[in-house]
Structure formats: C-alpha cells, structure tokens
Amino acid sequence: VTGSVFPSALKVALPSATLAAILSSLMFYEVVSPDLVVELGLQDLTGESSAWTGFTSLVGFLVVFRTSQAYSRFWDGCTA
C-alpha cells in the first residue's frame, strides 16, 4: 500500500463514519432523548433544504465530470 492515499484517508474517514453510525443507531433506538437531539441541532442534518439539494447536486456533477475525465484518459492511454 506504499504510495496509496487510502491509509491517510482512513485516518480521517473511519472515526467520522464510526461516530456517525453510533449517533444514528442511538437516535434510531431512541437511547438519546429527543430533547438532546434538538439541543445539539441533529434533528435536521439531512432535511429538505435548498442548501443540501444544491450541495448534493454539485457533488454529483463533480463526480460525473471527474469520472468522465478519467475514462477519457484511460482510453487515450489504451490507444496510444
């Protein structure tokens, strides 16, 4: 895995994903009181807001654009 970005990405992503999974399961099984959820501002993280819609649309466009560029470079390398 020398030269790979995965080990450094996992150092950031794994704790964040673990914390999100724990909070999600605590909220799902109602271990955490609804008052605490409202107090921490966690009740509407993925609500139907225009900011969330705009952000996900932008990320989707960027993913498609980057994938298209990578595919084009791949075929340029194959035919060269």
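Note that the structure is predicted; figures quoted are calculated from it, not measured. Along each chain, residues carry numbers from 1 onward, in the same order as the chain's sequence is written. Two thresholds apply to this predicted model, a pLDDT of at least 70 for residue-level local features and 80 or more for giving and counting side-chain atom pairs, whereas whole-chain, interface and lining totals are computed over all residues. The basis for every side-chain value is the complete set of non-hydrogen atoms in the structure, without hydrogens or water.

1. Structural notes on the overall build of the chain
The test is simple: Strands here mean DSSP runs of E at least two residues long; helices mean DSSP runs of H or I at least four residues long; both are numbered from the N terminus. Put simply, the radius of gyration uses C-alpha atoms, and a globule should come to 2.2 Å times the residue count raised to 0.38. The buried label applies to any residue whose accessible area, calculated with a 1.4 Å probe on protein chains only, is under 20% of its type's maximum; exposed applies above 50%, and partly exposed to all values in between.
Looking only at helices and strands, the chain features 3 helices and 0 strands. Taken from the N to the C terminus, the helices and strands of the chain come in the order α-α-α. For 80 residues, the compact-globule estimate of 2.2 N^0.38 gives 12 Å, and the C-alpha radius of gyration of the chain, at 19 Å, exceeds that figure by more than 25%. Principal axes of the C-alpha set define a box for the chain whose edges measure 60 × 35 × 15 Å. Evaluated residue by residue, the chain yields a buried proportion of 5% over its 80 residues.

2. Details of a nonpolar patch on the surface
Stated precisely, the cut-off is as follows: Exposure above 30% relative accessible area and the absence of a salt bridge qualify a residue for a patch, where like charges join within 9 Å and nonpolar side chains (Val, Leu, Ile, Met, Phe, Trp, Tyr) within 5 Å. In these tables, accessible area is a Shrake-Rupley quantity obtained with a 1.4 Å probe, and a residue counts as shielded only by the protein chains included in the view. Take a side-chain nitrogen of Lys or Arg and a carboxyl oxygen of Asp or Glu: if they are within 4 Å of each other, that pair is a salt bridge.
A contiguous nonpolar patch, built from Trp52, Phe55, Val59 and Val63 and spanning about 360 Å² of accessible area, is present on the exposed surface. Along the chain, the position of valine 63 falls in helix H3 (residues 50-79).

3. A few points about the confidence of the model for the chain
Our working rule: pLDDT: the predictor's confidence for each residue, scored from 0 to 100.
Residues at a pLDDT of 70 or more form 90% of the chain, whose mean pLDDT is 85. Predicted confidence in the chain is weakest over helix H2 (residues 34-40), with a mean pLDDT of 76, and strongest over H3, with 91.

4. Points about helix H1 (residues 6-28)
The periodicity of an α-helix, 3.6 residues per turn, causes residues three or four places apart in sequence to face the same way. Rule in force here: By definition here, a helix of n residues has an expected span of 1.5 Å times n minus one. Note that the bend at a residue is defined as the angle between axes fitted to the seven residues ending at it and the seven residues starting at it.
Over its 23 residues, H1 extends 30 Å from the first C-alpha to the last, a length consistent with the 33 Å expected when each residue adds 1.5 Å. Roughly 30 degrees is the biggest bend found in H1, and it falls at valine 12, with proline proline 15 one to four residues downstream. Phi turns positive, to about 55 degrees, at glutamate 30, one or two residues after H1.

5. Structural notes on the packing of aromatic side chains
Stated formally: A pair of aromatic rings is counted whenever rings of Phe, Tyr or Trp (Trp by its six-membered ring) have centres within 6.5 Å, and the orientation is called stacked for planes under 30 degrees apart, edge-to-face for over 60 and tilted otherwise.
Tallying each qualifying case throughout the model produces 4 aromatic pairs. Between the aromatic rings of tyrosine 71 and tryptophan 75, the centroid separation amounts to 6.2 Å while the plane-to-plane angle is 80 degrees, which identifies the pairing as edge-to-face. Here tyrosine 71 pairs with tryptophan 75, and both are found in helix H3, just 4 residues apart, close to one helical turn. Since its relative accessible area comes to 41%, tryptophan 75 is described here as partly exposed.

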